[in-house]
Amino acid sequence: MKTSKTLLASACVAAVLLSGCKQDDVQQVTIEFMHSSVEQERQAVIGELITRFQKENPDIIVKQVPVEEDAYNTKIITLARSGALPEVLEVSHDYAKVMDKEQLIDHKAVKTLIDAQGESAFFDGVLRIVRTEDGTAYTGVPVSAWLQGIWYRKSVLAKAGLDEPKNWTQLLEAARQLTHASDKKYGIALPTAESVMTEQTFSQFALSNGANVFNAQGEITVNSPEMLASLNYYRDLSQYTMPGSNNVMEIKDAFMNGTAPIAVYSTYLLPAIQQDGTLEDLGFVVPTEKTPAVFGVITALTLTTGQTEAETKAAEKFVSFMGQAKNTADWVLMSPGSMLPLTKAAAQDPAYKDNPAIKAFGTLPEQLIAQFPHMQVFGSVGEKNFTRMGDITGSAIISQMVNQVTVGKQETTPVLERSQQRIQALMQKK
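About the thresholds
Residues numbered from 1 in each chain as written. Predicted model: local features only at pLDDT ≥ 70, side-chain atom pairs only at ≥ 80, totals over all residues. Heavy atoms only, no water. Helix = DSSP H or I, 4+ residues; strand = E, 2+ residues; numbered from the N terminus. Buried < 20%, exposed > 50% of the residue type's maximum accessible area, 1.4 Å probe, protein only. Contact = heavy atoms within 4.5 Å. 1 Å grid on protein atoms, 1.4 Å probe; cavity = no way out; pocket = protein on both sides within 12 Å on 5 of 7 lines; lining within 4 Å. Points joined across faces, edges and corners; volume = space filled by probe spheres on them. Nonpolar A, V, L, I, M, F, W, Y, C, P; charged D, E, K, R; others polar. Phe/Tyr/Trp six-rings, centres within 6.5 Å; stacked < 30°, edge-to-face > 60°. Lys NZ or Arg CZ within 6 Å of the ring centre and 35° of its normal. pLDDT = per-residue confidence, 0-100.

J.: I keep staring at the environment of Arg388 and nothing clicks. Help me out?
T.: Mapped onto the secondary structure, Arg388 falls in helix 20 (residues 388-395). A relative accessible area of 24% means that Arg388 is categorised as partly exposed. It is 9.5 Å that separates the C-alpha atoms of Arg388 and Gly218, two residues lying 170 residues apart in sequence. If we skip the residues at most four places from it in the chain, Arg388 touches Phe214, Gly218 and Met427.

J.: Can you walk me through empty space enclosed by the protein in this structure?
T.: A probe as big as a water molecule, rolled over the atoms, marks out the empty space that is left. Taken as a whole and judged by the stated rule, the model has two cavities of 30 Å³ or more. Lining the largest cavity, in full, are Gln117, Val141, Pro142, Val143, Leu301, Val319, Met322, Gly323, Thr328 and Thr343. Mapped by element, the contributors of at least two residues to the lining of the largest cavity are strand 4 (141-153) and helix 14 (309-322). The element best represented in the lining of the largest cavity is strand 4, accounting for three residues. For the lining of the largest cavity, the residue count by class is six nonpolar, four polar and no charged. A volume near 50 Å³ is recorded for the second largest cavity. Around the second largest cavity, the lining residues are Ile150, Trp168, Thr201, Gln204, Phe205, Ser208, Val264 and Pro287. A total of four residues in the lining of the second largest cavity trace back to one element, the largest contributor, which is helix 10 (residues 196-208). Of the residues contributing to the lining of the second largest cavity, the split by class is five nonpolar, three polar and no charged.

J.: Would you explain the packing of aromatic side chains in this entry?
T.: Each aromatic ring pair is characterised by the separation of its centres together with the angle its planes make. Overall, the coordinates contain 14 aromatic pairs when judged by the stated rule. Note on Trp151 and Phe284: the rings are 4.6 Å apart at their centroids and 55 degrees apart in plane angle, and the pair reads as tilted. Separated by 133 residues along the polypeptide, Trp151 in strand 4 and Phe284 in strand 6 (residues 282-285) bring together distant segments of the chain. For the pair shown, Trp151 and Phe284 are each scored as buried. The ring of Phe255 carries Arg153 above its face, with NZ or CZ at 4.5 Å from the centroid.

J.: What exactly am I supposed to notice about unusual backbone geometry here?
T.: Most of the time, phi is negative for any residue but glycine, and the peptide bond is trans. Phi is positive for Gln103, close to 60 degrees, though the residue is something other than glycine. Tracing the chain through its elements places Gln103 in the loop between helix 5 (93-101) and helix 6 (107-117). Even without being glycine, Ala396 reaches a positive phi, approximately 65 degrees. Mapping Ala396 onto the fold places it in the loop between helix 20 and helix 21 (397-406).

J.: Could you clarify how one ought to interpret the confidence of the model for the chain in this entry?
T.: Low pLDDT means the predicted atomic positions in that stretch should not be read closely. Residues with a pLDDT of 70 or more make up 94% of the chain, whose mean pLDDT is 93. Note that pLDDT drops below 50 for residues 2-24; the model gives that stretch 20 contacts with residues more than four away or on any other chain.

J.: Mind showing me how you'd approach the side chain of Thr221 here?
T.: Structurally, the position occupied by Thr221 is in the loop between helix 10 and helix 11 (225-238). Relative accessible area serves as the criterion here: at 18%, Thr221 is assigned to the buried category. In this view, Thr221 contacts Asn212, Val213, Phe214, Asn215, Met227 and Gln420; residues no more than four positions away in its chain are not counted.

This is the structure in structure tokens:
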């Protein structure tokens, strides 16, 4: 956020006449850090990190700007239009595509920070998700992530004589055998609502089957044979989930109350499982068709355009500080288990690996971290991340497509073709 250096200098000159103002005070700069951690306990953690940073950098003041998650993306655009965008933003990799398209990201500053850490500092697969569309820069410095996959109750599958469902066929068969609709028991809790979660979950299956929204040339490929096969499979799997349009709460509730012993959910399920005391009975797997594909969201700290040189340098120092292993560990531990570290140093730092909350999960954190190389998202092809994918997700065309064939019972081929046409029309408007 731009500040008036002239006013600051004038204030300092006035202070000199009264009490003697040090020349260093003229160089003091204030930056803002906007994040979505509105909970008081999380703000306290971030506040402590800021305090540590300011002790090392007394010439820099960092102000927290917590914003509710539901209003976060809109707030970014509003601030950008008014020229008051904070210097540092917490941002998900998917919304970063929207910011990149709007030219709100300082690519040079971000790349400087990632180069300083070194690509090898991050787990394999992480940086690929935050690359720009041309593959030459990054949309942010990754700091944490959550992953999504299949969670299951080991005891229920064992009792039914079922193995861990490692592929599509095994998952479909397990869901079928465990469904007893007359008793309101279902084999799998699967999202089917017109929601972001439905798009995310469907993408995991589609990408495992080699289907994507774009090809390497940027052409829209929603109506491909691979996507049709994926949509057919998702429709078949949805026969064994709860009736109606299921979203985040319905999925979590069904798994926690025993309505469904298998569920698609993110690592944000873990705190509830830990509190429930059933960690030992919890299994995690990513069923694979052609290639492994796990959906996840990478949270990055990005630096914004339109700042003064002093503000950008201060922001670089702050993001670099947050990337240090101990500091990243403290950030991740705001939600133990749910949030995962993205650098090898943070994962091995005693503050993380020896934390009682992490040790309680046993080998599960390592199992989850091992999935990073398999992270795939719609719109990411090779080393390219097409910025237009942000508009497609925002349009809800993909989730509506899934809802129409699962809840709406419509034929898959015409629905897929209509979705292709809708996306093509959307792209022509942008």
